[in-house]
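Secondary and tertiary structure notes
Each chain, written out:
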Amino acid sequence: MPSGTPCTIHWNGETLSGMADEPLIDFLAKHEKTLPHVCYHPALPPLQTCDVCWVEYQGELTRGCTLRTHDGMEIYSQPADALAAQQEGMDRLLNRHELYCTVCEHNTGDCTLHNTVADMHMPIQFYPYQPKPADKDHSNPFYTYDPDQCILCGRCVEACQNVEVNETLSIDFNQPHPRVLWDGGERIAGSSCVSCGHCVSVCPCNALLEKTMQPDAGPFTSMPTDLKRPLIDFVKSLENSIGMEPITGVSLIDVALRQQEIKKTKTVCTYCGVGCSFEMWTRDRHILKVQPVADAPVNSISTCVKGKFGWDFVNSEERLTTPLIRENGRFRPASWDEALDLVARKLSGIAREHGGDSIGFIGSSKASNEEAYLTQKIARLIFGTNNVDNSSRYCQNPATEGLFRTVGYGGDAGSITDLQQADLIVLVGSNLAENHPVIASRIKHAHKHNGQKLLVVDPRRHEMAERADLYLRIRPGTDLAWASGMSRYMFDHGYADDAFLREQVNGTEEYQESLQPFTLEFVSQVTGLEPQALREAAEMIGQAKRVCILWAMGITQHSHGADTSTALSNLLLVTGNYGRPGTGGYPMRGHNNVQGASDFGCLSNVYPGYEKVTDPQMREKWAHAWGVSPQALSDKAGADNFLMVQHAHEGKIKAMYIIGEETAFSDADSHNVHEAFTRLEFMVVQDIFMSRTAEFADVVLPGCPSVEKEGTFVNTERRIQRFYEVLPPLGESRPDWKILTDLASRLGHPWYYRHPKEIMREAASIATAFAGVSYDKLSGWQSQQWPVKPDGTSTPLLYTDGFKFPDKKARLYPLEWQLPQETADAQYDLLLNNGRMLEHFQSTNQSGRGGRLLSLSPEWFVEVSPSLAAERQLQEGDWVRLTSRRGALEVRVLITERTGGNVLFIPIHHGKPGVNGLTGEHHDPHVNTPAYKEIAISMQKIDRPVQGSPLTKDNFRYGQRTPLDHLPVEVKWQQPTYTLPPQHTSHPEKS
């Protein structure tokens with residue numbers, strides 16, 4: 001029967017109604033019926049390893065996890081042979097796992113094994129527990145593996161191999177004592193494990209466990225080992241006389257006691273733009289763990305190392321907890337009243353004397369949509385300036401501009417699920433596996449299991465390049481030539497979608513004429529790619545029926561990033577790859593709410609919903625909604641981040657208000673930025689740490705991280721999600737929306753917002769794109785994707801009914817090839833590429849706290865290709881000085897084939913002032929995004945002691961994956977000692 005069709009089944013003689021083609025265990029759970037099971041997980045395929053879920057179906061014993069519902073099916077779980085098989089399966093598990101639940105950290109109600117033992121009312125273990133000859137592994141900073149508790153269910157292996165597709169974990173059922181292996185070895189550290197936490201999240205017992213759960217997850221768990229071990233031994237001996245049920249009863253009481261203390265709160269990740277959501281488990285202020293759930297709309301059970309484990313910063317002793325005012329060159333604590341009164345007085349005075357355009361506001365790409373809305377409202381309504389921006393200026397805006405030019409909406413064309421439906425994924429200038437790992441896992445799965453093809457174009461051979469069907473190591477900054485050459489090839493070889501172009505696209509003839517220079521020979525000369533490789537890439541694109549192109553900062557952070565983004569969108573239009581599932585352009589967003597900060601108006605030229613400030617009708621609409629005359633709102637675009645710094649340097653901007661952005665570290669040419677900040681008359685920084693930017697401030701206001709407030713974020717696929725307060729604000733810190741509301745009152749605009757939902761209600765009542773957005777429709781795990789119609793209907797896939805232009809037709813946008821603004825020469829003969837690393841985030845203001853994330857790669861380094869290292873006589877660990885036209889820094893060498901030729905790579909996270917001491921003020925002229933990726937440098941070896949590799953040998957990048965297409969349970973079944981339950985076995989440790 002088709003999925004979603006109503007059906008009726010008969011369960012132990014009882015009639016149950018539901019949907020067809022649903023896993024039996026899930027179907028039963030909806031009817032509050034329990035079939036004992038341990039290895040089954042709703043986000044994984046049936047593993048068939050635990051042998052607990054036996055039922056009688058069609059006259060035979062069958063593992064219930066393999067059954068899917070259909071009309072009229074009859075299943076029985078109570079026949080004597082089924083019950084005996086279930087108990088035999090559990091007995092084999094208990095031979096491998098020592099039940100000491102009341103003193104176990106995992107006895108919080110989330111242990112599938114414990115709960116199933118309790119449901120089955122096990123009287124006594126048939127097979128005595130046998131300790132294993134391996135110790136608990138503590139080598140990973142985030143979680144432990146205890147082989148003595150491992151039941152060999154294989155959930156972790158399946159999650160690692162085929163959900164995350166990191167392909168690290170395996171089980172060798174041929175071993176005398178099978179256990180989970182990391183790259184075939186017994187130690188986590190040094191393997192290819194990226195600490196994503198998938199394995200921990202799906203483990204049904206305490207074999208894999210977060211270190212934050214240890215040792216004090218329960219009232220009896222933190223007792224010393226020399227006390228705990230004898231107590232366990234005594235209780236286990238007691239089982240032999242009184243049976244298991246009384247002891248299980250005590251553990252159920254312990255579960256109830258713990259659950260009264262543990263709070264589980266849904267939140268949304270604060271790191272990248274993927275938008276993962278999960279439950280955060282806390283007791284008081286202690287974050288016990290992050291637990292993803294299958295209902296999460298973006299990630300299901302997936303996480304990455306930062307989302308799963310990167311929350312040490314929340315309770316850091318370095319958090320700002322009270323307002324600070326600078327006096328005589330030093331900061332002193334102040335009350336909120338004193339600090340906000342000072343801010344209101346100084347900003348008002350500067351506005352009166354110099355006008356509102358003398359003040360600049362930078363909103364936060366990590367704060368909520370509601371806080372972005374208030375930031376731009378203060379700028380526009382109270383000070384009459386459009387000088388408002390966010391960190392999208394540093395990464396996202398060129399991509400948005402390219403989409404505005406060609407298709408009309410400044411966001412991903414569809415959803416992450418669309419990416420999985422594509423026949424071909426083209427990944428350009430994006431280290432997806434490290435920057436957006438959960439999206440990468442979806443693509444890796446489709447590539448591994450669904451026949452999806454992967455084309456990667458990048459100067460650096462990262463993980464996705466290693467996995468690609470075709471990898472092109474392109475010369476940095478030449479992607480526009482490649483994309484335009486691909487478009488010409490489509491026209492020349494019959495791959496252009498003529499019907500689509502004729503019916504849905506304007507400007508085809510003019511655009512096709514503009515492609516005349518972009519022959520494969522010209523493209524080869526510009527990009528350094530061989531013509532045959534270019535033809536192969538073009539054929540892959542032309543022959544694919546559904547193509548998605550993903551790009552990120554490797555495209556946008558160039559002097560012609562907007563044009564290159566346009567070229568990529570042009571290519572999609574030429575091949576008809578918009579408006580259908582599995583097609584479209586997907587610029588990957590970097591910060592958790594860089595999309596939302598832009599969507600809700602923290603841009604210098606648009607109101608929330610991308611309604612232009614220069615459009616008289618839009619200006620009148622917003623003025624009316626805010627209760628002022630249109631003349632009170634500026635009708636000219638304001639200064640963006642880049643221009644604000646320039647204007648501060650020139651004295652045009654006298655004051656700045658920066659919320660949650662590390663501008664002093666993140667903006668290009670940091671020496672110039674710092675000098676501009678010192679020239680301001682007044683500067684306010686609102687943040688959770690004393691950042692490098694805050695050091696320049698006159699007033700520092702302590703904000704809250706997302707887990708200490710409520711609000712909404714928008715992820716890279718335009719998905720709006722709600723997050724809830726996990727913990728109360730630390731000290732005297734306050735949510736940004738409360739700070740801004742209080743400040744507005746002091747500026748003569750009492751807004752009286754009592755909850756972020758009221759702010760969202762206001763924004764949705766004005767901005768057309770958010771007309772149907774509401775907190776009610778965002779409650780729990782619900783989400784909405786803009787544009788949202790007034791009735792609350794989302795738009796998961798754009799352009800199904802035309803493009804966002806008056807005639808509903810897309811526009812092909814002619815382009816010319818231009819050299820990067822900065823290139824290598826005789827003096828600066830190398831190019832320095834740069835980007836993020838999986839285990840770090842931006843300035844490390846969050847990821848750098850607590851030391852656990854930093855421990856994965858604590859040292860800064862520059863990647864040098866083996867050929868260049870040999871040419872310059874460099875050894876790994878040597879110190880070099882990198883000198884650009886602006887500055888210099890000293891760093892250690894890491895020799896790797898990830899880089900090639902005369903192109904180096906340096907992470908952007910380590911050190912302050914960091915890599916932006918080398919970057920310049922050359923930028924994209926259309927959107928003022930700095931050309932961070934265009935750094936010409938010289939490199940000189942310097943005489944400093946060599947300290948070995950700057951990247952610890954335990955780092956996952958040195959691991960060797962062990963790919964499997966499924967958990968090999970058949971190897972277990974083929975063991976000579978394996979017998980089907982209910983028959984007993986002579987070797988339960990292998991069964």
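Structure: above.
Since we're looking at a predicted model, the values are computed, not measured.

1. A word on the overall build of the chain
When its secondary structure is counted, the chain shows 31 helices and 37 strands. For the chain, the C-alpha radius of gyration of 30 Å lies close to 30 Å, the compact-globule estimate for 991 residues. Taking the principal axes of its C-alpha atoms as reference, the chain extends roughly 85 × 70 × 65 Å. Looking at the chain as a whole, 64% of its 991 residues qualify as buried. Intrachain contacts of the chain at a sequence separation of at least 6 include 74% that bridge at least 24 residues.

2. Let's talk about unusual backbone geometry
Along the chain, Trp-786 connects to Pro-787 via a cis peptide bond; the corresponding omega equals 0°. Along the chain, Pro-787 turns up in the loop between strand 30 (783-785) and strand 31 (810-811). Residue Pro-982 follows Pro-981 across a cis peptide bond; omega there is 15°. Along the chain, Pro-982 falls in the segment after helix 31 (969-973). Even without being glycine, Leu-152 reaches a positive phi, approximately 60°. Inspection of the secondary structure puts Leu-152 in the loop between strand 6 (143-145) and helix 4 (155-162). Given the relative accessible area of 3%, Leu-152 is considered buried. Positive phi, close to 55°, is recorded for Val-165, a residue that is not glycine. Among the structural elements, Val-165 can be located in the loop between helix 4 and strand 7 (169-171). A relative accessible area of 0% places Val-165 in the buried class.

3. Looking at the pairing of strand 12 (residues 286-291)
Of all the six residues making up strand 12, five are buried; the element is thus mostly covered by neighbouring parts of the structure. The pairing of strand 11 (residues 277-283) with strand 12 spans five bridges and is classified as antiparallel. The residue bridging Glu-279 from the neighbouring strand is Gln-291, located in strand 12. Once strand 11 ends, the chain turns through two residues before running back antiparallel as strand 12, passing Asp-284 with a positive phi of about 55°.

4. Here's the deal with the environment of Leu-853
Locating Leu-853 in the fold gives a position in the loop between strand 32 (830-835) and strand 33 (861-864). In this structure the C-alpha to C-alpha distance between Leu-853 and Val-594, which are 259 residues apart in sequence, comes to 23 Å. Non-local contacts of Leu-853, meaning those with residues more than four positions away in its chain, are made with Phe-142, Tyr-271, Val-305, Lys-306, Gly-310, Glu-839, His-840 and Ser-847.

Reading the values: the criteria
Residues numbered from 1 in each chain as written. Predicted model: local features only at pLDDT ≥ 70, side-chain atom pairs only at ≥ 80, totals over all residues. Heavy atoms only, no water. Helix = DSSP H or I, 4+ residues; strand = E, 2+ residues; numbered from the N terminus. Rg over C-alpha atoms; globule rule 2.2 N^0.38 Å. Buried < 20%, exposed > 50% of the residue type's maximum accessible area, 1.4 Å probe, protein only. Contact = heavy atoms within 4.5 Å. Pairing = 2+ DSSP bridges.

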